[in-house]
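Take a look at the letters that make up each chain.
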Amino acid sequence: MRDATPQTIYLSDYQPFGFLVDEVALTFDLDPHKTRVRSRIAFRRNLAVESAEFFLHGEQLTLISAQIDGKPITPEVTDRGLTCDVPDGPFIWEAEVEIDPKGNTALEGLYMSGGMYCTQCEAEGFRKITYYPDRPDVMSVFTVTINGPHPVLLSNGNPVAQGQNHAEWHDPWPKPAYLFALVAGDLVAHSDRFSTMSGREVDLNLYVRPGDEGKCAFGMEALKASMKWDEDVYGREYDLDIFNIVAVDDFNMGAMENKGLNIFNSAAVLASPETSTDDNFERIEAIIAHEYFHNWTGNRITCRDWFQLCLKEGLTVYRDSQFTSDMRSPAVKRISDVIDLRGRQFAEDQGPLAHPVRPESFQEINNFYTATIYEKGAEVIGMLKTLVGDDAYAKALDLYFERHDGDAATIEDWLKVFEDTTGRDLTQFKRWYSQAGTPRLAVTEAWDAGKGAFTLTLTQHTPPSTATPKPEPLVLPITVGLIGEDGAEVVPSRVLEMTEAKQSFTFDGLDARPVASVLRGFSAPVVLAHDLSKQERLLLLAHDSDPFNRWEAGRTLARQSLLATITEGSAPDAEWLGALQAVLSDEALEPAYRALMLGLPSHADLANTLYDTGNTPDPAAIHDAVEATRDAMAQAFASTLSGLYDRHVVNAPYQPNAEQSGKRALTNAALALLTRVQGPERAQAQYDQADNMTQQLSALAALLRAGHGDKALAEFEAQWRDDRLVMDKWFGLQVSQAAPEQAAEVAQKLTQHTNFNWKNPNRFRAVFGSLATHHAGFHHESGKGYALLADWLIKLDPVNPQTTARMCSAFQTWRRYDAARQEMIQTQLDRILASPTLSRDTSEMLSRIRG
Ligand code: LYS
């Protein structure tokens, strides 16, 4: 039903709940359309709180009966929850409700996927299971009984009784309802064990559908590595006798950290060399780590309210990126994270959806699981660590765990542990949590040859936005090193701490004017404007000891070359190409790093830069410039690339490790370029010989782009028809590799394929996520891309509001484009907004985007 008056929730209105929950017992009698849930909850007044209003959340529930202390009552029920009179002293609330898991296509609460029951409660899904104070600051101990004709019946905590069609679970750790989970079905387990640092034996199980057993080994190894890493690096031990992970095909996001029972999108956990790419393996390892790390940063210490979401997500993303750096290459991980941050978070922070890392209001919290909360939230923690140093960070984290274990905490609590550990005042730093927008950092230089003094003058400015009309200066840790003319480092990295709008820093005692390498490691999430000459950038590209800035120098040269091609039609910069070739040939550099060097700024990145500098981006011109640049790279580097391909192609049995995947990244980047100049033979040969998905898929992509992919595409479909995760790739690749004028038609045609199950979020995203990120295709002047996406969002919204709302962000950059495109997009946005039953999720997103 359309919400007539969407309610806005404000951080400043926070009030604790007037009752405490001592214990919760839930009994589920499972049935596809008529599941009965009985709850028995021990409440007592929270005397620290004045208001004693007894309100329990509940949505889409059929109340069968309710009792207080054994006496039947008739509560006042609305579509949001219920209220009733309650005794002054402690009391027992009992209720029985009926729910319809099979009819639950929104995939929130208890629902069915491929014949199994599963749950997703974060953020506010538990209220679709039973009446409860569904808020993260209400924590309790849960006992769960499940009755149903299924071999596997799971819930949180430790198993206390198992029988035929019956199981009982007890979770001794008090938790909020959003961490509740239940799974039931005909599943098989891949099992292992882990001994914790104190010698506790933990049973580990990864539950999957029969047939998927062969895709579990990697996830299990990643889990054990995560458990070990959290002990070694953060001193955090696991705290139950059992840890279960379940793979589910229909899932709105990546995964969920329910206590002792993580539930994963099968795409985020199932892996095998034949069916998963190297990128899939790395992502799976990171997501398993992320959810596992939540056991401490999220579960043992949770959030007081949903405005504090970054407290658990930003910190946990930060922790999983540390883990990936340790498991793989720190430089490659940092660069990949920054590419992702610029692609998703900067776009969000510079458009109509901009919001602070800790938002101050929302209508639908599901709309705030954003790149800003997660990725910028992690950047803020990285900056904090840079400012206080590694030792103080470790001490502050120890204090955080000691002081707040068992709490529902806030950003204030988090910052206080850093203040108490270091004696620093973090009042100004806290603006990172309250201000939206990406700061711009301008750098100018002055050289005093007489004194040997080199001065950097830094100016920061955050563009105002609706979310933050008057931004104030932030604390910026800016890591800087100085390099001599010969490329040798004359001043090693040091952190400049900027707190004012404008500030100068002088380096003395220099023999000659140095070249400044500013913002090493991308030490703050800002847009940097540093007016280096081309020669200086070439020097950094050849010599910077900081791998991030070395890559960044190449990327900036690439961007400048592309912008000149777009706006002036000039040929790709030969000096940049020459310097890049030298880097590619440097066998001292890891292959994965060189593969990143071969990448170009994305179309969206170029569009944003153009818009930022006062130009209107033309998607077709951007596309043509990128193609021309790729052709020029292919021509200029052909023999180098051919040599790289032959030298690094992996013939050993497939391993998803950093070393092998780096080599494949490099040879596949080389293959993509070589196919442009040498024709399809090499790609066809790689396709025919591939024994792993990384080689197979990149060869298929190269063939498709070269216009020689039809045969391979048909073979691929025949080979993988029955593997839903591989078929997602098949669907996605055809759209992403389509020519701009065909992208919408290809997508549209795929929606008629018998295997296009649009109610499955992975499949929907495979087609429409690929369309939305195909810049020149989505923004094609015909407007076909806009109209097609709008048609399908209108269709999906009543079925799955969360995924619909998320996909609306494809339109968030609409103001960048010309008047004709703006008008076409507005027409589509209005068409979606006019749907008679638009969800709260989608209407909030669209009205924010529309402005
Ligand atoms: N907490 C989950 C994570 O680890 C995501 C939940 C999303 C709920 N809408 O990222």
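Given the structure is predicted, the values throughout are model-derived calculations rather than measurements. (Residues numbered from 1 in each chain as written. Predicted model: local features only at pLDDT ≥ 70, side-chain atom pairs only at ≥ 80, totals over all residues. Heavy atoms only, no water.)

Turning next to the overall build of the protein chain. When you go through the protein chain residue by residue, the secondary structure sums to 26 helices and 31 strands. A compact globule built from 851 residues would reach a C-alpha radius of gyration of about 29 Å, and the protein chain, at 27 Å, matches this within 12%. Relative to its full complement of 851 residues, the protein chain shows a buried share of 60%. The contacts in the protein chain between residues at least 6 apart in sequence include a share of 69% that link residues at least 24 apart. In the form shown here, the protein chain has an accessible surface area of approximately 31900 Å², with 49% of it arising from carbon and sulfur atoms. Looking at charge distribution, the protein chain has the averaged site of its 79 positive side-chain charges lying 2 Å from that of its 118 negative ones. (Helix = DSSP H or I, 4+ residues; strand = E, 2+ residues; numbered from the N terminus. Rg over C-alpha atoms; globule rule 2.2 N^0.38 Å. Buried < 20%, exposed > 50% of the residue type's maximum accessible area, 1.4 Å probe, protein only. Contact = heavy atoms within 4.5 Å. Areas by Shrake-Rupley, 256 points an atom, 1.4 Å probe, with all protein chains shown as cover. Lys, Arg positive; Asp, Glu negative; His and termini not counted. Charge placed at Lys NZ, Arg CZ, Asp CG, Glu CD.)

Across a sheet, paired strands are connected by hydrogen bonds in the backbone, their directions being either parallel or antiparallel. If you trace the 4 strands from one edge of the open sheet to the other, you get β29-β26-β25-β31, paired in mixed fashion. Only two strands of the sheet have a single partner each, and these edge strands are β29 (502-507) and β31 (527-530). Adjacent strand axes in the sheet meet at a mean angle of 20° when their direction is disregarded. In the sheet, strand β26 (residues 453-461) pairs with β29 via 6 bridges, with the strands oriented antiparallel. Each residue of the ladder has a partner; that of threonine 459, found in β29, is lysine 502. (Pairing = 2+ DSSP bridges. Axes fitted to C-alpha atoms, helices over the stretch in contact; angles between N-to-C directions.)

Right, let's get into the pattern of salt bridges. A complete count under the given rule lists 66 salt bridges for this structure. Salt-bridge contacts for lysine 534 lead to aspartate 573; the nearest nitrogen and oxygen are separated by 3.0 Å. Here the residue lysine 534 occupies a position in helix α9 (residues 534-543), and aspartate 573 occupies one in the loop between α10 (547-568) and α11 (574-585), the gap between them amounting to 39 residues. Two residues, aspartate 818 and arginine 821, come together in a salt bridge whose shortest N-O distance is 2.6 Å. Judged by relative accessible area, aspartate 818 falls into the partly exposed class, the value being 22%. Put simply, Lys34, Arg36, Glu96 and Glu98 are held in one network by salt bridges that share partners. (Salt bridge = Lys/Arg side-chain N within 4 Å of Asp/Glu carboxyl O.)

Now for the environment of valine 77. On the secondary structure map, valine 77 appears in strand β7 (residues 76-77). Sequence separation between valine 77 and histidine 57 is 20 residues, and the spatial gap between their C-alpha atoms is 9.9 Å. With sequence-adjacent residues up to four places away left out, valine 77 is seen in contact with Leu63, Leu82 and Tyr131.

Taken together, 15 residues sit near the ligand, with Glu122, Glu257, Glu291, Glu313 and Tyr374 positioned nearest. One of the side-chain N or O atoms of histidine 290 is found 3.2 Å from an oxygen atom in the ligand. Measuring from an oxygen atom of the ligand, one finds a side-chain N or O atom of tyrosine 374 at 2.6 Å. Computed on the free molecule, the ligand has an accessible area of 320 Å², of which 95% lies beneath the protein chains in the complex. (Near = heavy atom within 4 Å. Polar contact = N/O pair within 3.5 Å; in protein donor to acceptor, adjacent residues only side chain to side chain.)

Next up on the list: the pairing of strand β15 (residues 166-175). As defined by bridge partners, strand β12 (residues 140-147) adjoins β15 across 7 bridges and the pair is classed as antiparallel. Across the sheet, residue threonine 145 finds its bridge partner in β15, namely glutamate 168. Alignment of strand β14 (residues 158-163) against β15, held across 5 bridges, turns out to be antiparallel. In the strand pairing of β15, glutamine 162 is matched with alanine 167.

Now for unusual backbone geometry. The peptide bond linking glutamate 122 to alanine 123 adopts the cis configuration, its omega dihedral lying at 0°. You can see alanine 123 is positioned in the loop between β11 (116-120) and β12. The phi torsion at aspartate 69 lies on the positive side, around 50°, for a residue other than glycine. Taking the relative accessible area as the measure of exposure, aspartate 69 reaches 40% and is therefore partly exposed. A positive phi angle is found at leucine 107, which is not glycine, with a value near 60°. Relative to the assigned elements, leucine 107 resides in the loop between β9 (91-99) and β10 (109-113).

Checked against the element boundaries, arginine 342 lands in helix α4 (residues 330-349). Arginine 342 gets classed as buried once you look at its relative accessible area, which sits at 18%. If near-sequence neighbours (up to four positions away) are discounted, arginine 342 is found in contact with Ala347, Phe522, Phe548, Trp551, Glu552 and Arg559.

Here the focus is the environment of tryptophan 229. Following the sequence through the fold, tryptophan 229 ends up in helix α1 (residues 217-234). Classification of tryptophan 229 as buried rests on a relative accessible area of 7%. When neighbours within four sequence positions are excluded, tryptophan 229 is seen to be in contact with Tyr234, Phe293, Arg319, Gln322, Phe323 and Asp326. A distance of 2.8 Å separates a polar atom in the side chain of tryptophan 229 from a polar atom in the side chain of aspartate 326.

Put simply, the protein chain has an average pLDDT of 97, and 99% of its residues get 70 or more. For this predicted complex, the interface confidence reaches an ipTM of 0.97, while the overall pTM sits at 0.98. (pLDDT = per-residue confidence, 0-100.)

Taken as a class, soluble globular proteins show a tendency for nonpolar side chains to be buried jointly. Ranked by size, the top nonpolar core spans 269 residues in total, and within it Trp93, Trp414 and Phe429 carry the most contacts. The element best represented in this core is helix α14 (residues 619-648), accounting for 10 residues. (Core = buried A, V, L, I, M, F, W, Y, C linked by side-chain atoms within 4.5 Å.)

Take the packing of helix α13 (residues 603-612) against α14 next. Close contact between α13 and α14 brings their axes to 10 Å; oriented N to C, the two are set at 125°. Compared by their axis directions, α13 and α14 come out oblique. Seen along the crossing, α13 lies across α14 with a hand that is right-handed. Contacts between α13 and α14 involve His603, Leu606, Ala607 and Leu610 from the first element and Ile622, His623 and Val626 from the second. Looking at side-chain class alone, the contact of α13 with α14 contains 5 nonpolar, 2 polar and no charged residues. (Parallel < 35°, antiparallel > 145°, perpendicular 65-115°, else oblique. Left-handed = near helix turned anticlockwise from the far one by under 90°. Nonpolar A, V, L, I, M, F, W, Y, C, P; charged D, E, K, R; others polar.)

Axis separation between helix α21 (residues 761-773) and helix α23 (residues 784-796) bottoms out at 10 Å; the angle between their running directions is 145°. With respect to the hand of their crossing, α21 and α23 are arranged in left-handed fashion. In this structure, α21 uses Phe764, Phe768 and Leu771 to contact α23, whose residues at the interface are Gly785, Leu788, Leu789, Trp792, Leu793 and Leu796. In the contact of α21 with α23, the residues fall into 8 nonpolar, 1 polar and no charged.

Topologically, asparagine 299 is positioned in the loop between α2 (278-293) and β22 (302-303). Look at asparagine 299 and you get buried, because its relative accessible area is 4%. Apart from residues lying up to four places away in sequence, asparagine 299 is in contact with Met139, Leu179, Glu257, Asn258, Lys259 and His294.

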